[in-house]
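Residues per chain are reported as follows:
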Amino acid sequence: MFAMMEASRLEALHLAQDPATGLKAVIAIHNTRLGPALGGCRYLAYPDEQSAIRDAIRLARSMSYKAALAGLEQGGGKSVIIRPPHVDNRGALFEAFGRMIESLGGRYITAVDSGTSSADMDCIAQHTRHVTSTSRGGDPSPHTAMGVFAGIRATAMARLGSDDLEGLRVAIQGLGHVGYALAEQLHAVGAELLVSDLDAGRVQLAVEELGAKAVASDALLATPCDILAPCGLGGILNADTVKQLRCSAVAGAANTQLADLEVADALQSRGILYAPDYVINSGGLIYVALQHRGESLATITAHLSKIGERLTEIYAHAQAEKRSPARVADSLAERLLFDR
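Reading guide: rules and limits
Residues numbered from 1 in each chain as written. Predicted model: local features only at pLDDT ≥ 70, side-chain atom pairs only at ≥ 80, totals over all residues. Heavy atoms only, no water. Helix = DSSP H or I, 4+ residues; strand = E, 2+ residues; numbered from the N terminus. Rg over C-alpha atoms; globule rule 2.2 N^0.38 Å. Buried < 20%, exposed > 50% of the residue type's maximum accessible area, 1.4 Å probe, protein only. Contact = heavy atoms within 4.5 Å. Areas by Shrake-Rupley, 256 points an atom, 1.4 Å probe, with all protein chains shown as cover. Lys, Arg positive; Asp, Glu negative; His and termini not counted. Charge placed at Lys NZ, Arg CZ, Asp CG, Glu CD. Arc of directions from axis to C-beta. Polar contact = N/O pair within 3.5 Å; in protein donor to acceptor, adjacent residues only side chain to side chain. Pairing = 2+ DSSP bridges. Right-handed = clockwise from strand over helix to strand, strands pointing away. Expected span 1.5 Å × (residues − 1). Phe/Tyr/Trp six-rings, centres within 6.5 Å; stacked < 30°, edge-to-face > 60°. Lys NZ or Arg CZ within 6 Å of the ring centre and 35° of its normal.

Student: Please provide a residue-by-residue account of the overall build of the protein chain, values included.
Tutor: The helix and strand inventory of the protein chain stands at 13 helices and twelve strands. Relative to the 2.2 N^0.38 estimate, which gives 20 Å for 340 residues, the radius of gyration of the protein chain is 20 Å and therefore close to what a compact globule would have. Over its C-alpha atoms, taken along the principal directions, the protein chain stretches across nearly 55 × 45 × 40 Å. Across the 340 residues of the protein chain, 54% fall into the buried class. At a minimum sequence separation of 6, the contacts of the protein chain that also span at least 24 residues come to 65%. Carbon and sulfur atoms provide 50% of the accessible area of the protein chain, an area that totals close to 14500 Å². For the protein chain, the distance from the average position of its 31 positive side-chain charges to the average position of its 37 negative side-chain charges is 5 Å.

Written out as structure tokens, the structure reads:
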């Protein structure tokens, strides 16, 4: 366990259980140099406890890098609640988790993530103020999509020479809350949409409402397009799938899109511009962080627009240094977090 912490430069790892509610939770705090750690709470079944701990540590590190390059006064953290086979009272379980968060004295702020909802955050909020994404706060997904849209404009300018998206062919993989909101924004400016999702109903909705063209999920990566926008599960880009790509750039909302940094190098060698995922998809984090601090919607929207500026800066460094934007982003984040 300490070896995993050291490898990720993790500050702290907290474990707690509450037999009365079935709570088994992990909170990983990666870095608090810039401010309290902020990161979502996952409520998922895991094959074993080590898998849950690894997931929390991996995601906490990503949140540190994301917050640093988003210009937020926040550190990175993540929590995982191991979903039991049966729960008598879900509300009581999340209330117990709220007490765990409160015991950390403000070093960690939680939010919605895979498997959790605003209703769960409301339960947590009964016992701590160190929580965002409650029913009162609203869904951060549209703000994530706004940031990705700004990032796609910056990526189009860097790779194609114009940020005018009219007629641009964008392939969106995944039409969840963020993916569909992104598709709506792209449609509004005249982009041509190719879409795939495991939910056939979501695809049909995009076809009917947005004039999108449906593409089979297993064929989307090999479909010619200007920009590929992964907005589903992570890990979509690996040594094998990169060979299939027929796009000029990859810029989407999914977390941990790259299997490893060698994949980023492979994209670079193929002339495919890659928008580092934790930079382009930071809109949701910006929204919940600034809302938690009481900032106005106008201030939040202005901060979201800086995502495109940050990507433009990263692309300029990458071109000058002849390195992948993913490696440049890591270097910039590590300079902020560790003075490297």
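Student: Just give me the short version of helix α7 (residues 200-210), but keep the residues and values in it.
Tutor: Where α7 is concerned, the buried positions are V203, A206 and L210. One side of α7 holds all its buried residues, which, seen down the axis, span an arc of 75°. Counted as exposed and oriented over 90 degrees from the buried face of α7: A200 and E208. Each element contacted by the buried residues of α7 is listed here: α6 (177-188), β8 (192-196) and β9 (213-214). At the N-terminal end of α7, a side-chain oxygen is found 2.9 Å from the backbone nitrogen of G201, two or three residues along, and the residue is D199. At the exit of α7 stands G211, carrying a positive phi of roughly 65°.

Student: Which residues make up the sheet that holds β9, and what are the values?
Tutor: Strand order in the open sheet made by the six strands is β9-β8-β7-β10-β11-β12, with parallel pairing throughout. Either end of the sheet is taken by a strand with one partner, and the two such strands are β9 and β12 (273-274). Inspection of the sheet shows strand β7 (residues 169-173) paired to β8 by five bridges, in the parallel sense. Its bridge partner being in β8, R169 is matched across the sheet by E192.

Student: So what's going on with the pairing of β8? Which residues, and what values?
Tutor: With four of its five residues buried, β8 lies for the most part within the structure. With respect to chirality, the unit in which β7 leads through α6 into the neighbouring parallel β8 is right-handed. Pairing of β8 with β9, which is carried by two bridges, proceeds in the parallel orientation. Opposite V195, over in β9, you have A214 as the bridge partner. With respect to chirality, the unit in which β8 leads through α7 into the neighbouring parallel β9 is right-handed.

Student: Describe helix α12 (residues 306-321), with residues and values.
Tutor: Taking 1.5 Å per residue as the helical rise, α12 with its 16 residues ought to reach 22 Å, and the 23 Å between its terminal C-alpha atoms agrees with that figure. Buried residues of α12: I307, G308, L311, I314, Y315 and A318, and no others. Considered in projection along α12, the buried side chains sweep an arc of 120° and stay on one side of the axis. Residues of α12 that are exposed and point more than 90 degrees away from the buried face comprise E309 and A320.

Student: Requested: an account of the packing of aromatic side chains, with residues and values cited.
Tutor: Two numbers describe a pair of aromatic rings. These are the distance of the centres and the angle of the planes. For the structure shown, the criterion picks out two aromatic pairs. Each ring, one from Y65 and one from Y278, has its centre 5.9 Å from the other, and the planes form 90°; the classification is edge-to-face. Of this pair, Y65 sits in helix α2 (residues 49-69) while Y278 sits in helix α9 (residues 277-280), and the two are 213 residues apart along the sequence. Each member of the pair Y65 and Y278 is classed as buried. It is R9 that lies over the ring of F338; its NZ or CZ is 3.7 Å from the centre.

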